[in-house]
Every structure is written in structure tokens, then in C-alpha cells.
Amino acid sequence: GVFSIYIFYHIKSSVIFYINSSKIVEDLIKLGLSHNKTKKLKYPMWLDISFFPHFARGVFDGDGYISRSNVGFCGASVDFLSKFNKEISKISNVKFRNYKTREGNLIYQTGVKENMLRIFNIIYNNATMIMPRKFIAFCKIYNSLDKKSYISKKILNQTAKIISKCKNKFSNIL
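Residues numbered from 1 in each chain as written. Predicted model: local features only at pLDDT ≥ 70, side-chain atom pairs only at ≥ 80, totals over all residues. Heavy atoms only, no water.

Regarding the pairing of strand β4 (residues 71–75)
Piece 1. The buried fraction of β4 is high, at four of five residues.
Piece 2. For β4 and strand β6 (residues 106–110), the ladder comprises five bridges, and the chain directions are antiparallel. Within the sheet, the bridge partner assigned to Gly 72 lies in β6 and is Gln 109. (Buried < 20%, exposed > 50% of the residue type's maximum accessible area, 1.4 Å probe, protein only. Helix = DSSP H or I, 4+ residues; strand = E, 2+ residues; numbered from the N terminus. Pairing = 2+ DSSP bridges.)

In C-alpha cells:
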């Protein structure tokens, strides 16, 4: 059948996306998409583990943050973030601290530099697409580290290789 998709750009970087096809809408709902998802978002239990790094990179680009002292993920959906934390903790061997903000949002974060690099290595290794802003922030943190510190050589070397590969692959946007 005939369907149409409308994209309207709004203030600054907000986008409204309309789909005028009941079949596409039904399929998206079956995959877990809903409107007003802020507190209702469910973790996609159907996600194949081989796609997790790409998925985690998307979560980080959307709801993650990085500073000189922390890397973390935040949001209002307890179901989504607790299951996401369980998966990324299992894969990265990183334990995150968690707490709730006054607004009720859940935050998972780590301030241990080696753990920050472990997260970087998971989400950017074999990346085929990246959002440069947070990748560059990770690179700055890596470059500011005391390389003779307690961080394992294996983690440092893996991080250096990923940065080099991404800089070569995405030189047009970095």
C-alpha cells in the first residue's frame, strides 16, 4: 500500500517524525516503540548480543554522559536502565554505582579511569558509525591519563588501537 513519512524540524535540534502507515506503526509497536516512552521504555530482550556494542553506543550517544571524572547513563525508565546496566556490566566487567535524582531519574556511573576505558572499548570497537562529540570527549580523557598509572597495559593498548582506527575511518568528521 501507499504510505508516507513526514519529518518536521522544530526548535534547535528537535525532530517530529510522522508515519502514515498502520502496518509500519504496528510493526514498530511490536518491536517496543511507543509514544511518551520516557518512563515506559522496555529493554529489548530480543537484542542479539553481537549487536550490543552498537546498541550501547546508541544508548550512550542519547542518554550517556562523560566528564573527566565519570562516565554513565541516565534516564527515567527503571526497567530499561537496570537491564541495560546488567548487560553492560556483564560484558565490560564494570560495576556501576546507581542512584536516583530528585526528579526520579536513574543514574548508573563509574569514575574509575580503567572502567571508563573498558566502556569506551566496548562501544567504539568495530564501530561503523559514531557521533563525534562523545567520542572526542573520550579521546581527551584518554590523552590526559597518566599512562604509567594503575591502568592495565592491555586496556591502554586496546584503547589506543580503537582511537587510531576510528580517527582513520572517520577523519572526515573528527
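Focus on the packing of aromatic side chains
Piece 1. All told, the structure shown has 16 aromatic pairs when counted by the stated rule.
Piece 2. Ring plane angle 40 degrees and centroid distance 5.5 Å describe the contact between Phe 60 and Phe 138, whose orientation is recorded as tilted. Remark: Phe 138 occurs in helix α5 (residues 132–144) and Phe 60 occurs in helix α2 (residues 52–63); sequence separation between them is 78 residues. For the pair Phe 60 and Phe 138, a shared accessibility class is recorded, and that class is buried.
Piece 3. Counting every residue linked through ring pairs, the aromatic cluster contains Tyr 43, Phe 52, Phe 55, Phe 60, Phe 73, Phe 80, Phe 84, Phe 96, Phe 120, Tyr 124, Phe 135 and Phe 138. (Phe/Tyr/Trp six-rings, centres within 6.5 Å; stacked < 30°, edge-to-face > 60°.)

Quick notes on the nonpolar core
Piece 1. With 39 residues, the main nonpolar core has Phe 60, Phe 73, Phe 84, Ile 88, Tyr 124 and Phe 138 as its most contacted residues.
Piece 2. At seven residues, the largest contribution of residues to this core is made by helix α4 (residues 113–124). (Core = buried A, V, L, I, M, F, W, Y, C linked by side-chain atoms within 4.5 Å.)

Considerations on unusual backbone geometry
Piece 1. A positive phi angle, near 60 degrees, is found at Asn 93, a position not held by glycine.
Piece 2. Here Asn 93 is to be found in the loop between α3 (78–92) and β5 (97–100).
Piece 3. By relative accessible area, which is 60% here, Asn 93 ends up exposed.
Piece 4. Even without being a glycine, Asn 126 presents a positive backbone phi close to 60 degrees.
Piece 5. If you trace the backbone, Asn 126 turns up in the loop between α4 and α5.

Notes on the packing of α2 against α4
If you want to describe how two helices pack, look at the angle between their axes and the distance between the axes.
Piece 1. Running from N to C, α2 and α4 point in directions that differ by 115 degrees, and their axes come no closer than 7 Å. The segment α2 lies against α4, with Pro 53, Ala 56, Arg 57, Phe 60 and Asp 61 engaging Ile 122, Ile 123 and Tyr 124.
Piece 2. When grouped by side-chain class, the residues that make up the contact of α2 with α4 number six nonpolar, no polar and two charged. (Axes fitted to C-alpha atoms, helices over the stretch in contact; angles between N-to-C directions. Contact = heavy atoms within 4.5 Å. Nonpolar A, V, L, I, M, F, W, Y, C, P; charged D, E, K, R; others polar.)

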